[in-house]
2 protein chains.
Amino acid sequence: MPEDSTDKPNIVTCTAPVNIAVIKYWGKRDEELILPINSSLSVTLHQDQLKTTTTVATSRSFQEDRIWLNGKEEDITHPRLQSCLREIRRLARKRRNDGDPGLDLNGLSHRVHICSVNNFPTAAGLASSAAGFACLVYTLARVFGVEGELSGIARQGSGSACRSMYGGFVQWIMGKKDDGKDSLAQQVEPETHWPELRILVLVASAERKPVGSTSGMQTSVQTSCLLKHRAESVIPGRMVGMIEAVRRKDFTAFAELTMKDSNQFHATCLDTYPPIFYLSSVSQQIISLVHRYNRHYGETRVAYTFDAGPNAVIFTLQQHVPEFVQVVQHFFPPDTNGGQFVKGLPVNPATLSEDLEQAIGLEPMPKGISYIISTKAGPGPCVVKDPTQHLLGSDETVKSCESRSGEFQSSAEELVR
Amino acid sequence: MPEDSTDKPNIVTCTAPVNIAVIKYWGKRDEELILPINSSLSVTLHQDQLKTTTTVATSRSFQEDRIWLNGKEEDITHPRLQSCLREIRRLARKRRNDGDPGLDLNGLSHRVHICSVNNFPTAAGLASSAAGFACLVYTLARVFGVEGELSGIARQGSGSACRSMYGGFVQWIMGKKDDGKDSLAQQVEPETHWPELRILVLVASAERKPVGSTSGMQTSVQTSCLLKHRAESVIPGRMVGMIEAVRRKDFTAFAELTMKDSNQFHATCLDTYPPIFYLSSVSQQIISLVHRYNRHYGETRVAYTFDAGPNAVIFTLQQHVPEFVQVVQHFFPPDTNGGQFVKGLPVNPATLSEDLEQAIGLEPMPKGISYIISTKAGPGPCVVKDPTQHLLGSDETVKSCESRSGEFQSSAEELVR
């Protein structure tokens, strides 16, 4: 079959969201295919605050596949990148062979240039690989004219990336098959389902670089007997309870399961040998603060969850955001010379009652939290229609990507300020 | 049967040791009888460094049972004290009724005065209740002429006290019976079994008062599903492995199981809701230091274990003590104005190689550790023969106890300096 002979590159730009798990994924049963030892559930964060943008260009003039991440060229031969490229091309070939009329015949034999940037500083410590791989797979699929289920491919880039393929509340069903065909993400409820739910990312000042999650979870699977028990006997019931809590918008049930599951995940890290600590003294203080805050009101108004790092992600309802932000600001007094403490969705000022301050009664930790990103649940990956937003130009591709991504990144960092 | 009518008090003084669990006890299946949800195993620390001394006097002139702890009168009606007194008196009555010729007939209807002091500062954060109740029960038994199995009574004062009834390496077999008759301590090996084993108590500067162990373990039993799994499915195998390691003096096996079990205990605390944190940033640093030290040598030379507080108890072999103490002193530089950094068994000076220092490569934490108590495995409770050592005089009992215990305590604090 003859290839289209035009030199004009085919360019697509998409964005994809970060997600935060409330039932945690920790541990693979298959390292190659990235098959987890348990199902997990996450909330997709809104891209107005946190997103990855990726442009993919294909052209017959490109000599080789190349990738630039946040303005720096990276090694395209990384096995996980290769998995995603291979799987998308395989699907595209399959569709061509099946004679799909909608298929773009151009790109299939062409090399790709990929340029990807995050609109949040790496210092935020948010798992950028989920948004990154989700965006890569979503964009590649558009370029190669592939449609349908893509979470299984995103999963092979980074496990939790499969959950970033959908908006709202998303479960990653672990599946049973050895080939991983049934290990896929699925939307539980869309982002519009629970409009009162608010999310605050408390960016903690990192004391040290934590153990990476890939090697951390490997060690946990090999050494923690509590992790095995958690995966087999605890999570199945929690998944049912969490889906139920989300569907019914039962904040108390949602919040308590979220906190318990975060704690249990960190417990299995401590049961790992040698033990892994992701919770810093700031994290521990946030945990105490949340429990004391809830106890003061005699109800669960706020929940925390922590991934493989010290940052807290807080869930609460809209009506409690102003006061809780005030509490955080009081017990973690920010650097007065720094920028805005609260970025993202505006938060109204509130006063902190003496009662509440005394009920919490913790020793303030100055500068323990660098800033807060205020956000909510948001949609899944989107195509960017405006061609001026491409991160790769039609000529001088490399240079363009490097300079534009730099531009983009700094304006994007402004975005979350 | 007529009671002896002499007014002369019957006075006995005994000492009892602290023990440190290497397979941890956490959680009761019966709060009243103090029956644990799992078996545990401990090493009895030497009384030359750490002990409780208790004098019990009985006299027909005493109007009521009274107790002084560390120079201060305490409430004798405390249920756990009452359990011990009641059980010892019950055994004594039983022996009298059985017509035992060795029985001291004096005390049975007499009231007791109890005076108990620790030779270690409370600030050391060592579980003093184990030594305290072991000493109380052992001394009461001598006063009332009761012999034989006493660990079941000590257990009803404080669970881990039953293990302080023996020297060396001691298991507390959880038992199966509802009445607790088979929940007893048993010596695995005597203190002479493993003379090369050394113990260092690293007294960490406490950041805050931790959750008490009684309420902590209650909450854990009620809320942690990992604790249940640990008790039922993990500990039985670990008990077998630990007894085997102790018998064979296999330091590597002993050390690794000790560290894993400490970590798992703290993991279950984190899985408790709300979570409990006993490990401070200093504790976490000690854990990192030990693993890096061992990794540097490619063998497990040092092990840590932590109870319900931030202090580390370190196990190592005699030959490694000088260097390891030097390492601790380097990475936790002590207050130069303070007293001796190492108390107890003398430790030879050592130099720290640059290689080792770099391999550990942690940021030093000045004053993170207040001091080290250097000790080893030691014997169980002993009777003090020298009558000048009684903490209660034959007259002016109360006053004498209060002043003498003060005296004793300060000289005892010298002891561990």
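Criteria and thresholds
- Residues numbered from 1 in each chain as written.
- Chains lettered and ligands numbered in written order.
- Predicted model: local features only at pLDDT ≥ 70, side-chain atom pairs only at ≥ 80, totals over all residues.
- Heavy atoms only, no water.
- Helix = DSSP H or I, 4+ residues; strand = E, 2+ residues; numbered from the N terminus.
- Buried < 20%, exposed > 50% of the residue type's maximum accessible area, 1.4 Å probe, protein only.
- Contact = heavy atoms within 4.5 Å.
- Areas by Shrake-Rupley, 256 points an atom, 1.4 Å probe, with all protein chains shown as cover.
- 1 Å grid on protein atoms, 1.4 Å probe; cavity = no way out; pocket = protein on both sides within 12 Å on 5 of 7 lines; lining within 4 Å.
- Points joined across faces, edges and corners; volume = space filled by probe spheres on them.
- Nonpolar A, V, L, I, M, F, W, Y, C, P; charged D, E, K, R; others polar.
- Least-squares fit on C-alpha atoms with pLDDT ≥ 70 in both.
- Axes fitted to C-alpha atoms, helices over the stretch in contact; angles between N-to-C directions.
- Parallel < 35°, antiparallel > 145°, perpendicular 65-115°, else oblique.
- Left-handed = near helix turned anticlockwise from the far one by under 90°.
- pLDDT = per-residue confidence, 0-100.
- Buried area = accessible area lost by both parts, 1.4 Å probe.
- Salt bridge = Lys/Arg side-chain N within 4 Å of Asp/Glu carboxyl O.
- Polar contact = N/O pair within 3.5 Å; in protein donor to acceptor, adjacent residues only side chain to side chain.
- Core = buried A, V, L, I, M, F, W, Y, C linked by side-chain atoms within 4.5 Å.
- Pairing = 2+ DSSP bridges.
- Disulfide = S-S within 2.5 Å.

Side note on the overall build of chain A
Check the secondary structure of chain A and you find 10 helices and 17 strands. Looking at chain A residue by residue over its 417 residues, the buried ones come to 57%. Across chain A, every contact between residues at least 6 apart in sequence was considered, and the portion connecting residues at least 24 apart equals 78%. Split by element, the accessible area of chain A, about 16,800 Å² in all, is 48% carbon and sulfur.

Focus on empty space enclosed by the protein
Following the criterion strictly, the structure yields 3 cavities of 30 Å³ or more and no others. As a volume, the largest cavity reaches approximately 160 Å³. Every residue lining the largest cavity is counted, 15 residues in all, and those nearest its centre are L270, F277 and Q284 of chain A together with L270 and F277 of chain B. By residue number, the principal contributor to the lining of the largest cavity is helix α6 (residues 251–270) of chain B, which donates 3 residues. Across the lining of the largest cavity, the residue classes tally to 11 nonpolar, 4 polar and no charged.

A short note on the relation of the copies chain B and chain A
Once chain B has been moved 0.0 Å along the axis and rotated by 180°, it coincides with chain A to within an RMSD of 0.0 Å. Such values leave the two copies arranged in the relation of a two-fold axis. In terms of proximity to the rotation axis, the leading residue of chain B is A267 of chain B, whose C-alpha is 2.1 Å off the axis. Interface residue correspondence from chain B to chain A reaches 100%, placing this contact among same-surface, isologous pairings.

As for the packing of helix α1 (residues 79–97) of chain A against helix α2 (residues 128–144) of chain A
Residue and element names in this part refer to chain A. The N-to-C vectors of α1 and α2 enclose an angle of 25°; their axes lie 10 Å apart at closest approach. Between α1 and α2, the angle falls in the class roughly parallel. In this structure, α1 crosses over α2, and the sense of that crossing is right-handed. Of the residues in α2, those in contact with R80, L81, C84, L85, I88, R89 and A92 of α1 are F133, L136, V137, L140, A141 and F144. Per-class residue counts for the contact of α1 with α2 are 11 nonpolar, no polar and 2 charged.

A look at the confidence of the model for chain A
All names here are of chain A. Looking at chain A, the pLDDT average stands at 90 and 88% of residues meet or exceed 70. Across residues 1–5, where pLDDT falls below 50, the model places 9 contacts with residues more than four positions away in sequence or in other chains. For this predicted complex, the interface confidence score (ipTM) comes to 0.91, while the overall pTM stands at 0.93.

A look at the interface of chain B and chain A
In this complex, chain B contributes 27 residues to the contact, which on the side of chain A involves 27 residues. Counting the surface lost from both chain B and chain A, the interface buries some 2,400 Å², and carbon and sulfur atoms represent 67% of this. Linking chain B to chain A there are 0 salt bridges. At the boundary of chain B with chain A, the tally comes to 3 residue pairs in polar contact (both at pLDDT 80 or more). Breaking the side of chain B that touches chain A down by element, the ones donating at least two residues are α5 (225–247), α6 and α7 (281–297) of chain B. For the side of chain B that touches chain A, the element with the most residues is α6 of chain B, which contributes 9 residues. In the side of chain B that touches chain A, the residues fall into 13 nonpolar, 8 polar and 6 charged.

With respect to the nonpolar core
Core analysis: the biggest nonpolar cluster contains 140 residues, and F254, I286 and F315 of chain A together with F254, I286 and F315 of chain B have the highest contact counts within it. If near-sequence neighbours (up to four positions away) are discounted, F254 of chain A is found in contact with V22, V43, W194, L197, M242, A245, V246 and F315 of chain A.

Section: the sheet that holds strand β2 (residues 19–23) of chain A
Strand pairing in a sheet relies on backbone hydrogen bonds. The paired strands run either parallel or antiparallel. Residue and element names in this part refer to chain A. Read across the sheet, 4 strands follow the order β2-β5-β10-β11 without closing on themselves; strand pairing throughout is antiparallel. Here the strands that pair on one side only, and so sit at the sheet edges, are β2 and β11 (184–189). Each adjacent strand pair in this sheet contributes to an overall mean axis angle of 35°, direction not counted. Of the strands in this sheet, β2 and β5 (40–44) are in contact with helix α6 (residues 251–270), which crosses β2 at around 90°.

Brief notes about the side chain of N311 of chain A
Among the structural elements, N311 of chain A can be located in the loop between β13 (302–306) and β14 (312–317). By relative accessible area, which is 9% here, N311 of chain A ends up buried.

As for the state of the cysteines
Counting across every chain of the model gives 0 disulfides over all chains. Lacking any disulfide linkage, C162 of chain A is separated from the closest cysteine sulfur, that of C84 of chain A, by 11 Å. Of the residues examined, C162 of chain A reaches a relative accessible area of 0% and is grouped as buried. Among the cysteines around C382 of chain B, which has no disulfide bond, C14 of chain B carries the closest sulfur, lying 8.4 Å off.

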